[in-house]
Amino acid sequence: MLLSKIFLPLTKDLPSDAKIKSHQLMIRIGMIKQSSAGIYSWLPLGFKVMKKIESIVRQEQNNIGAQEMLMPTIQSADIWKESGRYNDYGDEMLRIKDRQGREMLYGPTNEELITEIFRSSIKSYKSLPQMLYHIQWKFRDEVRPRFGVMRCREFYMKDAYSFDISDEEAKKSYNKMFYSYLKIFSKLELKAIPMAADTGPIGGEISHEFIVLADTGESNVYAEKNIFNINTDNYNFSEESLRKMRYDFSSFYAVTDEKFNKSDFDSKVKKENQISTRGIEVGHIFYFGDKYSKPLNCLVDHHEGKKIPVKMGSYGIGVSRLIGALIEVHFQNGVMKWPKSVSPYNVVIIPSINKNDKRSLETAIKIYNELCRQKIDVLLDDVDENMSAKFKKHDLIGIPYQIIIGSKSEESRFEFKEVGKDATLFNLEEIIEKIKN
Ligand code: 5CA
């Protein structure tokens, strides 16, 4: 794409409530535009990053056997009355009436709807286990939407639901999701640590929040520092390895605010190993057994002959919030560098633009055409402005590789740099090799 042609409304005007760097950057480089409190439009650059994150989440969920589907954003209040959550959910739920006066709502989550779908379709233990997920907009009328995409009213979430015949089998599904989450966050170059958490309005007995440490995070977390040294590459998808993974993580103290107990922390963790800090909750998983299947009468035939409520868990990832978390982590000292897996473009070509000497731009266009031919997603900065302004702009846009065509370029060798490292002269073949690797 040519930078002069794409819709990229860069701005220096920040709203007064843009207090944290991810919110500021997303506005400055035109990733999002607020339409009302806590509700945003996703402009092309932001949308492109979100789609890449979504695709990593999808791939890793498919890898553990979860199946994608799509549920509506608008739900009937009836199923929420059946589960008993219609009143409990309170003002966070956006309630609507249709023209017939029927009570509807904009889904804040989907436990009821998926249970209703499941109960009308699956009758026998022989069809279990099942894991279903969708990636969809959610609405929660938050009291104080803030920090840009971190705490929105409308946000994009991956939520998955597991169905099993027994507690024991359900815990295996929980472990598979736990593993999938570690893989997802590692592909996103985020260190997200599972911490024992409160189950809040979703309910249930076991729950972990996946937390990325950041001063600007809204969660207070307490952990033994060695939990950060667990190498998640050591686990595989076998039942035994998954059990070991859970055992290894649970052997370190790591909890969120509501689960924190000072005397436990002090007795279990040496002072010098204690971390008490803030973090961003990028994912949250729950095991709640028959909390929804019982009231909604979602029963399956057990092999012993009786009917039993299916055992369920639910598993969320804040897809839109993740973009904020990535920026909080990867935007350092005024320079953004997207992880290669989600960068809006693989590489940007930055030629010096000179009306009287078009050679740099012509070279840049040749390189651009070759990279396009090689299926590399490349941005060409053909905007007429000086190099220092260009560099400042690209410090914010954050594409991890740059090809710079200017005074230092030779006939067939160009400056190539990975953000954060020094530029070196390479020929085009070498550059392509480096980008592809
Ligand atoms: N049904 C369960 C899991 S499927 C559920 O709704 N869990 S949740 O409430 O913890 O939300 C899942 C994830 O969505 C959170 O971990 C967080 O990353 C994201 N999220 C929740 N509320 C918001 C919000 N107001 N703005 C942005 N992201 C949010």
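All values reported here derive from a predicted model rather than from experimental measurement. (Residues numbered from 1 in each chain as written. Predicted model: local features only at pLDDT ≥ 70, side-chain atom pairs only at ≥ 80, totals over all residues. Heavy atoms only, no water.)

**Q** With reference to specific residues and values, describe the overall build of the protein chain.
**A** A tally of regular secondary structure across the protein chain gives 12 helices and 23 strands. A compact globule built from 437 residues should have a C-alpha radius of gyration of about 22 Å, and the protein chain, at 24 Å, falls within 12% of that. In terms of overall dimensions, the protein chain has C-alpha extents of about 85 × 60 × 45 Å along its principal axes. Within the span of the protein chain, comprising 437 residues, buried residues form 51% of the whole. Relative to all contacts within the protein chain whose residues are 6 or more apart in sequence, the contacts with residues 24 or more apart total 71%. For the protein chain, the accessible surface area stands at approximately 20500 Å², while carbon and sulfur atoms represent 47% of it. Within the protein chain, the 61 negative side-chain charges are centred at a point lying 2 Å from the centre of the 65 positive side-chain charges. (Helix = DSSP H or I, 4+ residues; strand = E, 2+ residues; numbered from the N terminus. Rg over C-alpha atoms; globule rule 2.2 N^0.38 Å. Buried < 20%, exposed > 50% of the residue type's maximum accessible area, 1.4 Å probe, protein only. Contact = heavy atoms within 4.5 Å. Areas by Shrake-Rupley, 256 points an atom, 1.4 Å probe, with all protein chains shown as cover. Lys, Arg positive; Asp, Glu negative; His and termini not counted. Charge placed at Lys NZ, Arg CZ, Asp CG, Glu CD.)

**Q** Describe the site of the ligand, and please don't skip the residues or the numbers.
**A** Not every one of the 22 residues close to the ligand is listed here, only the nearest: Thr109, Glu111, Arg140, Glu142 and Glu281. The contact in question runs from an oxygen atom of the ligand to an N or O atom on the side chain of Arg140, over 2.8 Å. Contacts to the ligand include His284, whose side-chain N or O atom sits 3.2 Å from an oxygen atom. In isolation the ligand has 600 Å² of accessible area, and contact with the protein removes 96% of it. Within the residue set of the shell around the ligand, elements represented by two or more residues are strand 8 (154–164), strand 13 (274–289) and strand 16 (311–318). It is strand 13 that contributes the most residues to the shell around the ligand, five residues altogether. (Near = heavy atom within 4 Å. Polar contact = N/O pair within 3.5 Å; in protein donor to acceptor, adjacent residues only side chain to side chain.)

**Q** Residues and numbers for the sheet that holds strand 21 (residues 401–405), please.
**A** If you walk across this open sheet you meet the five strands as 20-19-21-22-23, and the pairing is mixed. In this open sheet, the two strands that pair with only one neighbour each are strand 20 (378–380) and strand 23 (424–427). Ignoring which end each strand starts from, the neighbouring axes of this sheet average 30° apart. Sheet analysis places strand 21 next to strand 22 (residues 413–418), joined by four bridges and oriented antiparallel. Each residue of the ladder has a partner; that of Ile404, found in strand 22, is Glu415. (Pairing = 2+ DSSP bridges. Axes fitted to C-alpha atoms, helices over the stretch in contact; angles between N-to-C directions.)

**Q** Outline the pattern of salt bridges, supporting the account with residue identities and numerical values.
**A** Tallied over the full model, the rule gives 35 salt bridges. Between Glu54 and Arg58 there is a salt bridge, and its shortest N-O distance comes to 2.8 Å. With a gap of four residues between them, Glu54 and Arg58 both fall in helix 2 (residues 44–63), about one helical turn apart. Under the relative-accessibility criterion, Glu54 is labelled buried at 4%. (Salt bridge = Lys/Arg side-chain N within 4 Å of Asp/Glu carboxyl O.)

**Q** Can you lay out helix 6 (residues 167–187) for me, pointing to particular residues and giving the numbers?
**A** If you check helix 6, its first and last C-alpha atoms are 30 Å apart, about what 21 residues at 1.5 Å a residue would give, namely 30 Å. Within the sequence span of helix 6, burial applies to Ala170, Ser173, Tyr174, Asn175, Met177, Phe178, Tyr179, Ser180, Tyr181, Leu182, Ile184 and Phe185. Note on helix 6: the residue one or two positions beyond its end, Glu189, has a positive phi of about 55°. (Expected span 1.5 Å × (residues − 1).)

**Q** Tell me about the sheet that holds strand 5 (residues 94–97), and name the residues and values.
**A** One open sheet accounts for three strands, arranged 4-6-5; its pairing is antiparallel. At either margin of the open sheet sits one strand with a lone partner, and together these are strand 4 (74–76) and strand 5. Each adjacent strand pair in this sheet contributes to an overall mean axis angle of 35°, direction not counted.

**Q** Please set out the environment of Ser341 residue by residue, giving values where relevant.
**A** Its location among the elements puts Ser341 in the loop between strand 18 (335–336) and strand 19 (347–351). Between the C-alpha atoms of Ser341 and Glu189, which are 152 residues apart in sequence, the distance is 8.5 Å. Dropping the residues within four chain positions of it, Ser341 is found in contact with Lys52, Ile56, Lys187 and Leu188. At a separation of 2.8 Å, a polar atom in the side chain of Ser341 contacts the main-chain carbonyl oxygen of Lys187.

**Q** Account for the side chain of Lys158, with residues named and values stated.
**A** Tracing the backbone shows Lys158 in strand 8. Although Lys158 is buried, it makes no salt bridge; Asp159 carries the closest opposite charge, 7.3 Å away. Reaching out from Lys158, the side chain makes a polar contact with the side chain of Gln61 at a distance of 3.0 Å. With near-sequence residues (within four places) excluded, Lys158 lies in contact with Val57, Gln61, Tyr133, His134, Ile135, Met177, Tyr181, Tyr315, Gly316, Ile317 and Val319.

**Q** Could you give me a rundown of the nonpolar core, with the residues and numbers involved?
**A** Counting residues in each nonpolar core, the largest one holds 83 residues, and the members touching the most others are Ile53, Phe185, Leu188 and Ile323. It is helix 6 that contributes the most residues to this core, nine residues altogether. Within the second largest apolar cluster, 27 residues are counted, among which are Met93, Leu113, Phe118 and Phe288. (Core = buried A, V, L, I, M, F, W, Y, C linked by side-chain atoms within 4.5 Å.)

**Q** Would you mind going over the pairing of strand 9 (residues 192–196) in detail, with residue names and values included?
**A** Counted residue by residue, strand 9 has four buried out of five residues, so it is predominantly covered. Summarising the sheet, strand 9 and strand 10 (residues 206–213) pair through five bridges and their orientation is antiparallel. Bridge pairing links Met195 to Glu209 in strand 10.

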